[in-house]
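The residues making up each chain are set out below.
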Amino acid sequence: MNIILFEDLDFRNHLKPLTLTRPIGMLRVGILTIKEKWENRLNLSVSLDTEEYLQTKYPLILKEENVFINSSFLPTPALIDLIKNLKPGQVIASGLEIVAYISDARKSAQELGKAPEIIELEPEDTFSIKHLPDLFLNNGSQIEADFKLITAGRTSQEITDPYTKVYSEENIFLEEGVNIKAAVINAEEGPVYIGKDAVIQEGAVIIGPVSIGPEAKVAYGAKIRQNTTLGPVCRVGGEVGNTIFHAYTNKAHDGFLGNSYIGEWCNLGANTNASNLKNDYSEVKLYDYHTDGMTPTGETFCGTFMGDYSKAGISTMFNTGSVVGVSCNVFGAGFQSKLIRSFTWGGAAEGYEPYRFEKAIEVINATMSRRKIELSEEDLLILSHINEQKITNEV
């Protein structure tokens, strides 16, 4: 069985700026990325069918017979059973949306509409990521699902620090090399997963469901609230809740962040705060790349969505429902604009201007060098493409 995660173009646009630098299948929700979820549950390698400018980094592997799965749909036991028993000529659907089918090549929805048999996925078996808020809305349940998957039949490392207080220790799993000092970990309302070589510093409070990725660090005195994910090699302090940090991102100091998603290689300066609730408690509107306008989210709580390689200076304030593109450098007094397009430099008070591409790449390389990593040729081509789109004001 050759598995390919394909993308619905509308959903891909809804999920920008996070999908400007990656396919939908590479988004992290819970402990794992969507691709990792499917690979773990099917015990198979998975490739990605995405936009051409991303395909060099994320190559598509086609064979004579392929199972195409909509990458916006998360694996559930019922969906996995349907896929394992799927036959050529059958299509798994959720309402009007194609979920999975077998083919020798990618087919359009019009072609699939002629399929002799449609298998309808029940609503209770459907978890999908179609809009930005879906990421934090599903994060808690996905931490729990991933926790059961990757800890099944395994034994956690012991918490040996005598000054660390734990609640519901049976819901806490530590990989090898975890270092915890004088922390409070409460897993009564959901599991807490702590990855290999992660560090939990003195005075940190963690309330599950929470995932701390490999080599991540929770800073001393941090308050990590429910439904929060720290991806690999993230450094996070202050108060955080219902938020995903993709990987290699720093928010090491005090400041609040809630109902948000922060991409890869980002940095939030000391005392950066992001509002996730309007003063009048009304529904939050969020910029949508698909409609090119502010769109109602249906949510009262909604924070900031930041693309890869972006940075915020000390004491930056983000408005409720803010979208920050790829490789932005934001700073200055007052609330920032609710939309900051990719490769932008400046702030609301001083004004925004284009971020010179060569300088942006220089800063990215300087950031990555601290982790002894270099910007790959594939990533440079992706960033060049995004910068070219910026000229047309698309990203």
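Criteria and cut-off values
Residues numbered from 1 in each chain as written. Predicted model: local features only at pLDDT ≥ 70, side-chain atom pairs only at ≥ 80, totals over all residues. Heavy atoms only, no water. Phe/Tyr/Trp six-rings, centres within 6.5 Å; stacked < 30°, edge-to-face > 60°. Helix = DSSP H or I, 4+ residues; strand = E, 2+ residues; numbered from the N terminus. Buried < 20%, exposed > 50% of the residue type's maximum accessible area, 1.4 Å probe, protein only. Lys NZ or Arg CZ within 6 Å of the ring centre and 35° of its normal. 1 Å grid on protein atoms, 1.4 Å probe; cavity = no way out; pocket = protein on both sides within 12 Å on 5 of 7 lines; lining within 4 Å. Points joined across faces, edges and corners; volume = space filled by probe spheres on them. Nonpolar A, V, L, I, M, F, W, Y, C, P; charged D, E, K, R; others polar. Arc of directions from axis to C-beta. Contact = heavy atoms within 4.5 Å. Pairing = 2+ DSSP bridges. Axes fitted to C-alpha atoms, helices over the stretch in contact; angles between N-to-C directions.

Draft legend 1. Spatial organisation of the packing of aromatic side chains. Taken as a whole, this structure holds 9 aromatic pairs when the rule is applied. Note on Phe 68 and Tyr 101: the rings are 5.1 Å apart at their centroids and 10° apart in plane angle, and the pair reads as stacked. Here Phe 68, found in strand E3 (residues 66–70), pairs with Tyr 101, found in strand E5 (residues 97–103); they are 33 residues apart in sequence, far enough to count as distant. Per residue, the accessibility class of Phe 68 equals that of Tyr 101, and both read buried. Among the aromatic residues, those joined into a ring-pair cluster are Phe 6, Phe 68 and Tyr 101. Over the aromatic face of Tyr 167 sits the side chain of Lys 165, whose NZ or CZ is 5.2 Å from the ring centroid.

Draft legend 2. Quick peek at empty space enclosed by the protein. Scanning the model with the defined rule gives 1 cavity of 30 Å³ or more in all. What lines the largest cavity is simply Tyr 309, Lys 311, Ser 327, Cys 328, Asn 329, Tyr 355, Ala 360, Val 363 and Ile 364. Partitioned by chemical class, the residues of the lining of the largest cavity number 6 nonpolar, 2 polar and 1 charged.

Draft legend 3. Geometry of helix H2 (residues 34–42). Among the residues making up H2, those that are buried are Ile 34, Lys 35, Lys 37, Trp 38, Arg 41 and Leu 42. Viewed end-on, H2 has its buried residues packed into an arc of 160°, placing them on one side of the element. Contacts from the buried residues of H2 go to strand E1 (2–6), strand E2 (46–49), E3, helix H4 (77–84) and helix H7 (139–151). Of the residues one or two after H2, Asn 43 is the one with positive phi, at around 55°.

Draft legend 4. Local environment of the sheet that holds strand E4 (residues 90–94). Ordered in space as E2-E1-E3-E5-E4-E6, the 6 strands form an open sheet in which the pairing is mixed. In the strand order of this sheet, the two ends are held by E2 and strand E6 (117–120), each with one partner. Pairwise comparison of adjacent strand axes, ignoring direction, gives a mean angle of 25° for this sheet. Alignment of E1 against E3, held across 5 bridges, turns out to be parallel. The residue bridging Ile 3 from the neighbouring strand is Val 67, located in E3. On top of the sheet, H4 reaches E3, E4, E5 and E6; it is set at about 165° to E4, its chief contact.

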